[in-house]
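Close look at the chain arrangement
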Amino acid sequence: MKPLSETEIRSSIVNATHGEIERMPLPGLHEVLWEEREYLGWRDHRAPLRGYLVHWVQDQPVGVVLRASGASMRPGISAMCSLCHTPQPSDQVALFVAARAGQAGRDGNTVGMYICADLACSLIIRIVPPKLPMQPDPSEIVARRAEGLLNRVQSFTADVMKTV
Ligand SMILES: [Zn+2]
């Protein structure tokens, strides 16, 4: 993805108040490998249930504040992130809820989705088996996963911004 500046990130959030946006902690942007990211996602170390997800919609950065449901899934079962479609142990996938943008969100309307708990789908989709004969090239596997992830992130934030 195209790199994001702090200003772009703070002005991208569609579903939070000015105060919440001001208090939002940012990850170390200079450490981000932008070319290996479909979206920038991070958890709030001061408010552990809170998370953030920012991506580009054409030339416009769009960000959403997420809230993880405190309830955890039954341990020992397998769960799947709805954005990257990676099956994982259930404790590594969390139900996140995003308030809808605008009045709908202020009225309590939300969109929920199971997402990798660390909001690092871009890292996990790049874990591929070594190249084997008769198997697709690892870079093709990553490209295909990245495309699916991008599409699903776009529809998720489009849903958050939809006026209901
Ligand atoms: Zn994921």
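Some points on the overall build of the protein
Counting its regular elements, the protein contains five helices and seven strands. Along the first, second and third principal axes, the C-alpha set of the protein runs to 55 × 40 × 30 Å. Sorting the 164 residues of the protein into buried and exposed places 31% on the buried side.

Side note on the nonpolar core
With 33 residues, the main nonpolar core has Leu83, Ala98 and Cys116 as its most contacted residues. Mapped by element, the contributors of at least two residues to this core are β2 (50-57), β3 (60-68), β6 (93-99), β7 (110-116) and α5 (138-161). Looking at this core, the element that brings in the most residues is β6, giving five residues. Apart from the residues lying within four places of it in its own chain, the contact partners of Cys116 are Cys81, Cys84, Gln92, Val93, Cys121 and Ile124.

Brief notes about the pairing of strand β1 (residues 40-43)
When β1 meets β2, the two strands line up antiparallel, connected through four bridges. Paired with Arg43 across the bridge in β2 is Gly51. From the end of β1 to the start of β2, which pair antiparallel, there are six residues.

Focus: unusual backbone geometry
For residues that are not glycine, phi is negative in most cases, and the peptide bond is trans in most cases. At His85, a residue that is not glycine, the phi angle is positive and equals roughly 60 degrees. Take His85: it is sitting in the loop between β4 (78-80) and β5 (87-89). Its 13 C-beta neighbours within 10 Å are what place His85 among the partly exposed residues. One non-glycine residue, Met134, lies in the positive phi region at around 70 degrees. Along the chain, Met134 falls in the loop between α4 (121-124) and α5.

Digging into the sheet that holds β3
Spatially, five strands are ordered β1-β2-β3-β6-β7 in an open sheet, and the strand pairing comes out antiparallel. Each edge of the sheet is formed by a strand with only one pairing partner; in this case those strands are β1 and β7. Strand-to-strand twist of the sheet, defined as the mean angle between neighbouring strand axes without regard to direction, takes the value 30 degrees. By the bridge criterion, eight bridges tie β2 to β3 in an arrangement that is antiparallel.

Notes on the environment of Gln103
Looking at the secondary structure, you find Gln103 in helix α3 (residues 102-106). For the pair Gln103 and Thr163, spaced 60 residues apart in the sequence, the C-alpha separation amounts to 8.4 Å.

What to know about the environment of Ala98
With respect to the helices, strands and loops of the structure, Ala98 is situated in strand β6. Taking the C-alpha atoms as reference, Ala98 lies 20 Å from Pro27; in sequence the two are 71 residues apart. Ignoring sequence-local partners within four residues, the contact set of Ala98 consists of Asn15, Val64, Val65, Leu66, Thr110, Val111 and Val160.

Observations concerning α5
Owing to its 3.6 residues per turn, the α-helix aligns residues three or four sequence positions apart on the same side. Taking 1.5 Å as the rise per residue, α5 with 24 residues should run 34 Å; its terminal C-alpha atoms sit 35 Å apart, in good agreement. Buried within α5 are the following residues: Arg145, Leu149, Val153, Phe156, Thr157 and Val160. Elements in contact with the buried residues of α5: β2, β3, β6, β7 and α4.

Rules used in this analysis
Counting starts from 1 at the beginning of each chain's written sequence and moves along it residue by residue. Only residues with pLDDT of at least 70 get local features here, since the model is predicted, and only at 80 or more are side-chain atom pairs given and counted; chain-wide, interface and lining totals rely on the full set of residues. Each helix is a run of H or I in the DSSP string that is no shorter than four residues. Each strand is a run of E no shorter than two, and both are numbered from the N terminus. Any residue with 12 or fewer other C-beta atoms within 10 Å of its own C-beta is exposed, any with 20 or more is buried, and the rest are partly exposed; the C-beta atoms used are placed from the backbone. Residues of type Ala, Val, Leu, Ile, Met, Phe, Trp, Tyr and Cys that are buried and joined through C-beta atoms within 7 Å form what is called a nonpolar core. By the convention adopted here, residues are in contact when the distance between their C-beta atoms, placed from the backbone, does not exceed 7 Å. In this scheme, strands are said to pair when DSSP sees at least two bridges between them. Structural elements are reduced to axes, namely lines fitted to C-alpha atoms, with helices fitted over the stretch in contact, and the angle between N-to-C directions of any two is expressed from 0 to 180 degrees. Multiply 1.5 Å by the residue count of a helix minus one, and that product is the helix's expected span.

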